[in-house]
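Each chain, letter by letter, is given below.
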Amino acid sequence: MGLKADMKILVVDDMATMRKIIKNMLGQIGFTNITQADDGSTAWPLIEKANKEGVPYEFILSDWNMPKMSGLDLLKKMRASDEFKKTPFLMITAEAEQGNVVIAVKAGVSNFIVKPFSAQVLKEKIDKIFNS
Amino acid sequence: MASATNFIEFSRPFINAAKNVFETMVFTKLEPQKPGLKKSQVSNGDVSSVLGLSGELTKGGDTIEYRAMLVLSWPYETYFKVASAMLMETYEEYNDDIADVGGEICNMIMGNAKRDLAVMGYSSNMAIPSIIEGPKHTIKYPVGTTVVEIPINSAHGKMFMELCYAEF
């Protein structure tokens with residue numbers, strides 16, 4: 001694996017099942033430093049806190065549809081702040097419509113993955129984000 | 001009453017999406033069996049995931065409203081095996097750890113089906129999935145909808161896909 005195994009990663013999804021699947025996949029790829037949040041609204045304070053402590057998250061994987069703060073709103077919030085303008089952000093969604101991709105790209109997403117996906121596809125998306 | 005042609009056409013993306021979701025995330029192939037009309041509200045499974053969908057169908061210059069629901073039902077044994085495969089841990093009883101597995105599967109199927117439905121002229125608004133658990137539980141179908149049940153075989157056991165659909 002070209003990327004460092006202890007890269008600080010935050011997985012954001014309201015469904016515990018999906019968080020566990022993504023964590024398992026990231027583990028298969030070789031990543032070890034993974035934190036979870038169950039909504040954009042719980043992810044944001046974690047992101048801010050980690051940054052204040054000098055150990056910011058280096059990669060965010062977030063679901064799109066969440067009840068309190070969507071992945072899109074979390075992305076917009078991050079891109080609107082100087083600190084998180086360039087934090088790699090992979091958007092995960094169950095909805096495969098083209099319109100969603102356009103919206104996410106306009107908001108500054110680093111890449112986009114549609115459920116269902118395999119660990120191999122996730123790895124390819126991560127490689128694209130960090131090698132482009 | 002929905003036209004039979006529209007119902008058949010409407011159901012195809014869900015079957016294709018279910019096959020894709022199970023092959024990718026559950027590592028098993030699905031074998032859909034012959035569909036049949038379902039008259040009873042009693043589920044054939046012990047765990048059901050239910051997701052509503054509504055929108056408009058634009059076809060041949062006409063626009064009609066439709067309402068639909070996707071239900072996936074699993075006997076406990078199948079549900080535990082599916083959850084175990086998806087989460088890479090062994091589960092032998094129903095608990096909070098696997099309570100949203102069915103909902104996530106339903107969500108992915110509906111999300112994938114939406115793309116094909118859009119190509120066919122269906123606009124669609126997805127609801128949030130809910131789970132019903134317990135032997136012989138009942139499912140409340142939207143009034144006026146026709147319910148079709150598709151038994152599905154897999155290496156993890158039998159499951160059931162139900163689709164109800166109505167045009168207004």
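Below is a short write-up of the structure. Fair warning: this is a prediction, and the values are worked out from it, not measured in the lab.

Each value, and the rule that gives it
- Residues numbered from 1 in each chain as written.
- Chains lettered and ligands numbered in written order.
- Predicted model: local features only at pLDDT ≥ 70, side-chain atom pairs only at ≥ 80, totals over all residues.
- Heavy atoms only, no water.
- Helix = DSSP H or I, 4+ residues; strand = E, 2+ residues; numbered from the N terminus.
- Rg over C-alpha atoms; globule rule 2.2 N^0.38 Å.
- Buried < 20%, exposed > 50% of the residue type's maximum accessible area, 1.4 Å probe, protein only.
- Contact = heavy atoms within 4.5 Å.
- Areas by Shrake-Rupley, 256 points an atom, 1.4 Å probe, with all protein chains shown as cover.
- Lys, Arg positive; Asp, Glu negative; His and termini not counted.
- Charge placed at Lys NZ, Arg CZ, Asp CG, Glu CD.
- Salt bridge = Lys/Arg side-chain N within 4 Å of Asp/Glu carboxyl O.
- Pairing = 2+ DSSP bridges.
- Axes fitted to C-alpha atoms, helices over the stretch in contact; angles between N-to-C directions.
- Buried area = accessible area lost by both parts, 1.4 Å probe.
- Polar contact = N/O pair within 3.5 Å; in protein donor to acceptor, adjacent residues only side chain to side chain.
- Phe/Tyr/Trp six-rings, centres within 6.5 Å; stacked < 30°, edge-to-face > 60°.
- Lys NZ or Arg CZ within 6 Å of the ring centre and 35° of its normal.
- Disulfide = S-S within 2.5 Å.

With respect to the overall build of chain B
So, point 1. Along chain B, the regular secondary structure elements total 3 helices and 8 strands.
So, point 2. Overall, chain B shows an N-to-C arrangement of helices and strands of α-β-β-β-β-α-α-β-β-β-β.
So, point 3. By the compact-globule yardstick of 15 Å for 168 residues, chain B fits well, its C-alpha radius of gyration being 15 Å.
So, point 4. Oriented by its inertia axes, the alpha-carbon framework of chain B measures out at about 50 × 30 × 30 Å.
So, point 5. Looking at the 168 residues of chain B, the share that counts as buried comes to 54%.
So, point 6. Residue pairs at least 24 apart in sequence account for 72% of intrachain contacts in chain B once pairs closer than 6 positions are excluded.
So, point 7. When the accessible surface of chain B is split by element, carbon and sulfur atoms take 52% of a total near 7600 Å².
So, point 8. If you average the places of the 14 positive and of the 20 negative side-chain charges in chain B, the two averages end up 9 Å apart.

Some thoughts on the pattern of salt bridges
Pairing is possible between side chains that carry opposite charge, provided their charged atoms lie close to one another.
So, point 1. Counted under the stated rule, the structure contains 11 salt bridges over all chains.
So, point 2. Its salt-bridge partner being Glu58(A), residue Lys4(A) comes within 2.8 Å of it at the nearest N-O pair. Highlighted residues: Lys4(A) in the segment before β1 (9–12) and Glu58(A) in the loop between α2 (40–52) and β3 (59–63), separated in sequence by 54 residues.
So, point 3. Several salt bridges share partner residues, and in doing so they unite Asp13(A), Asp63(A), Lys115(A) and Glu104(B) into one network.

Topic: the sheet that holds β1(A)
Residue and element names in this part refer to chain A.
So, point 1. On the basis of which strands lie adjacent, the open sheet formed by 5 strands has the order β2-β1-β3-β4-β5 and parallel pairing. Both edges of this open sheet fall to β2 (34–37) and β5 (111–114), since each of them pairs with a single strand only. Across the sheet, the mean angle from the axis of one strand to that of its neighbour is 20°, orientation sign disregarded.
So, point 2. The pairing of β1 with β2 spans 4 bridges and is classified as parallel. The residue bridging Leu-10 from the neighbouring strand is Thr-35, located in β2.
So, point 3. Contacts between helix α1 (residues 16–29) and the sheet are confined to β1, β2, β3 and β4 (89–93), with β2 contributing the most and set at about 165° to the helix.
So, point 4. Against the sheet, helix α3 (residues 71–79) touches β1, β3 and β4, its axis set at about 165° to β4.

Looking at the interface of chain B and chain A
So, point 1. Residue-level contacts link 23 residues of chain B with 18 residues of chain A.
So, point 2. Carbon and sulfur atoms supply 62% of the area buried between chain B and chain A, which totals about 1700 Å² over both sides.
So, point 3. The largest per-residue losses of area from chain B upon contact with chain A belong to Met25(B), Asp100(B) and Glu104(B), which jointly make up 29% of the total buried on that side.
So, point 4. Among the salt bridges present, the one from Glu89(B) reaches Lys20(A), with a minimum N-O distance of 3.2 Å.
So, point 5. The tally of links from chain B across to chain A stands at 8 residue pairs in polar contact (both at pLDDT 80 or more).
So, point 6. Put simply, the parts of the chain that give the side of chain B that touches chain A at least two residues each are α1 (4–26), α2 (76–87) and α3 (101–119) of chain B.

Observations concerning the packing of aromatic side chains
So, point 1. Taken as a whole and judged by the stated rule, the model has 13 aromatic pairs over all chains.
So, point 2. Ring geometry for Phe10(B) against Phe14(B): centres 5.2 Å apart, planes inclined by 45°, an arrangement best described as tilted. Placement of both Phe10(B) and Phe14(B) in helix α1 is noted, with a separation of 4 residues, approximately one turn of the helix.
So, point 3. Residue classification places Phe10(B) among the buried positions, given a relative accessible area of 0%.
So, point 4. For Phe14(B), a relative accessible area of 1% translates into the label buried.
So, point 5. Taken together, the aromatic side chains of Phe10(B), Phe14(B), Tyr66(B), Tyr122(B) and Tyr165(B) make up a single cluster linked through ring pairs.
So, point 6. For the cation-ring pair, Lys8(A) lies above Tyr57(A), with the distance from its terminal atom to the ring centre recorded as 4.8 Å.

Overview of the pairing of strand β8 (residues 157–167) of chain B
Residue and element names in this part refer to chain B.
So, point 1. A large share of β8 lies buried, amounting to 9 of its 11 residues.
So, point 2. When strand β4 (residues 62–74) meets β8, the two strands line up antiparallel, connected through 8 bridges. Residue pairing in the sheet places Leu-72 in a bridge with Met-161 of β8.
So, point 3. Across 9 bridges, the pairing between strand β7 (residues 146–154) and β8 is antiparallel. Within β8, the position partnered with Val-147 by the bridge is Cys-164.
So, point 4. Between β7 and β8, which pair antiparallel and follow one another directly, the connecting turn spans 2 residues.

Observations regarding the state of the cysteines
Residue and element names in this part refer to chain B.
So, point 1. For the coordinates displayed, the defined rule picks out 0 disulfides over all chains.
So, point 2. Between Cys-106, a cysteine without a disulfide, and Cys-164, which holds the nearest cysteine sulfur, the sulfur-to-sulfur distance is 11 Å.
So, point 3. The exposure class of Cys-106 is buried, given its relative accessible area of 0%.
So, point 4. By relative accessible area, which is 1% here, Cys-164 ends up buried.

Read these as layout, nothing more, since geometry by itself doesn't imply function.
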